[in-house]
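Read off the chains here:
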Amino acid sequence: RDSLFGRESSLAIARLEERLDYERQHTADSLAQVAVDLQQEATYRAGLAAEQERSRRTLWITGVAVVLALLAMGALAVFRRQNRRLVRQNETIQSQNAAIQNQNAAIQRQNAAMESQNAAIQTALEEKEVLLREVHHRVKNNLQVMVSLLDMQGQRVTDPQALEVLMASKGRVQAMTLIHQKLYQQDNIAALSLGTYLRQLVEGVRGLFPGGAGVETEYALVEGEFGIDTAVPLGLILNEL
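None of the values given here were measured: they were computed from a predicted structure.

Trainee: Can you tell me about the overall build of the protein, naming the residues and giving the values?
Mentor: In terms of helices and strands, the protein carries five helices and two strands. Seen in sequence order, the protein has helices and strands lined up from the N terminus as α-α-α-β-α-β-α. The C-alpha atoms of the protein give a radius of gyration of 67 Å, which is well past the 18 Å a tight globule of 241 residues would have. Dimensions of the protein, computed from C-alpha atoms along their principal axes, come out at roughly 220 × 40 × 20 Å. Within the protein, contacts between residues at least 6 apart in sequence are counted, and of these 68% link residues at least 24 apart. Put simply, the protein shows about 18,600 Å² of open surface, and 59% of that area lies on carbon and sulfur atoms.

Right, here's the structure in full:
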């Protein structure tokens, strides 16, 4: 009893209780500090994780940017190479166009010269055609004058043989007269139509003789054209027949 409830026991118990309270307070403070440390550590770790995430994002963005930059540089290099090639092609095309334009200009000049030459040739041909028509016309007129003279002379001749000679000469001249008349009357002055010429020649010869209208003529002709070198002897031969 004395040891349990004595003064010294009370003091010892009080000291023990104070120490126990101190220990409890110290433990509580330690636990609070540990909690604070744990909170700081969690915050640090969260910040570290966020920083690592930002670093990864930054690294990823940097990589993507580098890849895009490399792609852009490659595309730019390809574009520049294609642009240089297009520039060379354009220069080649321009030089070819210039050469083609020069050729076209030369061709146009040649065409103009040819047109002027053709015009001059056409003018010369027309002039020659007009002169040739005029020559045939004048030859026809001269031959017609000879026919008229022979006709006038025949009116004065009473001898049948002499009259026959005059009529034969008149037929020969008329055969040549008809050739020149046809040549200057038609469009093509270089050739005569066989059927038309021979029919008119036969009709003209028939008209020279009395009773010629009663002679029936049959034609078996091949249509064609021939020049004056053939027409003159052919007309004379037909006149004689």
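Trainee: I'd like to hear about helix 5 (residues 228-240), residue by residue, with values.
Mentor: An ideal rise of 1.5 Å per residue puts 18 Å on 13 residues; helix 5 measures up with 18 Å between its terminal C-alpha atoms. Along helix 5, the positions that sit buried rather than exposed are Ala 231, Gly 235 and Asn 239. All buried residues of helix 5 lie within an arc of 55° about the axis, which places them on one face of the element. Away from the buried face of helix 5 by more than 90 degrees, exposed residues Asp 229 and Ile 237 are located.

Trainee: How would you explain the confidence of the model for the protein if you had to name every residue and give the values?
Mentor: Mean pLDDT for the protein: 82, with 94% of residues reaching 70 or above. Ranking the helices and strands of the protein by mean pLDDT puts helix 2 (residues 7-156) first, with 85, and helix 1 (residues 2-5) last, with 58.

Trainee: Tell me about the nonpolar core, and name the residues and values.
Mentor: Within the largest apolar cluster, 11 residues are counted, these being Ala 175, Leu 178, Ile 179, Leu 192, Leu 194, Tyr 197, Leu 198, Leu 201, Val 205, Phe 226 and Ala 231. Those elements that provide at least two residues to this core are helix 3 (160-185) and helix 4 (194-206). The element best represented in this core is helix 4, accounting for five residues. If we ignore the near neighbours within four places in the chain, the residues touching Leu 198 are Leu 221, Leu 234 and Leu 238.

Trainee: For a nonpolar patch on the surface, give the residues involved together with the corresponding values.
Mentor: Taken together, the side chains of Trp 60, Ile 61, Val 64, Val 67, Leu 68 and Leu 71 make up a nonpolar region of the molecular surface, amounting to roughly 620 Å² of accessible area. Along the chain, the position of Leu 71 falls in helix 2. Take Leu 71: its relative accessible area is 56%, and that puts it in the exposed class.

Trainee: Outline the packing of aromatic side chains, listing residues and values.
Mentor: Within this structure, the stated rule accounts for zero aromatic pairs. Positioned over the ring face of Tyr 219 is Arg 199, at 5.1 Å from the centre of the ring.

Trainee: I'd like a rundown of a positive patch on the surface, residues and numbers included.
Mentor: Together, Arg 80, Arg 81, Arg 84, Arg 85 and Arg 88 give the surface a local cluster of positive charge. Structurally, Arg 88 can be placed in helix 2.

Trainee: Could you give an account of the side chain of Lys 170, naming the residues involved and the relevant values?
Mentor: With respect to the helices and strands, Lys 170 occurs in helix 3. Owing to a relative accessible area of 10%, Lys 170 belongs among the buried residues under this scheme. The contact partners of Lys 170, leaving out residues within four places of it in the chain, are Val 147, Leu 150, Asp 151 and Leu 208.

Trainee: Now, about the pattern of salt bridges: what can you tell me, with residues and values included?
Mentor: For the coordinates displayed, the defined rule picks out five salt bridges. With a closest N to O distance of 2.5 Å, Arg 45 and Glu 41 form a salt bridge. Separated by four residues within a single helix, Arg 45 and Glu 41 lie in helix 2, roughly one turn from each other. Sharing partners across several salt bridges, the network here consists of Glu 53, Arg 56 and Arg 57.

Definitions and cut-offs
Residues numbered from 1 in each chain as written. Predicted model: local features only at pLDDT ≥ 70, side-chain atom pairs only at ≥ 80, totals over all residues. Heavy atoms only, no water. Helix = DSSP H or I, 4+ residues; strand = E, 2+ residues; numbered from the N terminus. Rg over C-alpha atoms; globule rule 2.2 N^0.38 Å. Contact = heavy atoms within 4.5 Å. Areas by Shrake-Rupley, 256 points an atom, 1.4 Å probe, with all protein chains shown as cover. Expected span 1.5 Å × (residues − 1). Buried < 20%, exposed > 50% of the residue type's maximum accessible area, 1.4 Å probe, protein only. Arc of directions from axis to C-beta. pLDDT = per-residue confidence, 0-100. Core = buried A, V, L, I, M, F, W, Y, C linked by side-chain atoms within 4.5 Å. Patch = residues over 30% accessible without salt bridge, like charges linked within 9 Å, V, L, I, M, F, W, Y side chains within 5 Å. Salt bridge = Lys/Arg side-chain N within 4 Å of Asp/Glu carboxyl O. Phe/Tyr/Trp six-rings, centres within 6.5 Å; stacked < 30°, edge-to-face > 60°. Lys NZ or Arg CZ within 6 Å of the ring centre and 35° of its normal. Lys, Arg positive; Asp, Glu negative; His and termini not counted. Charge placed at Lys NZ, Arg CZ, Asp CG, Glu CD.

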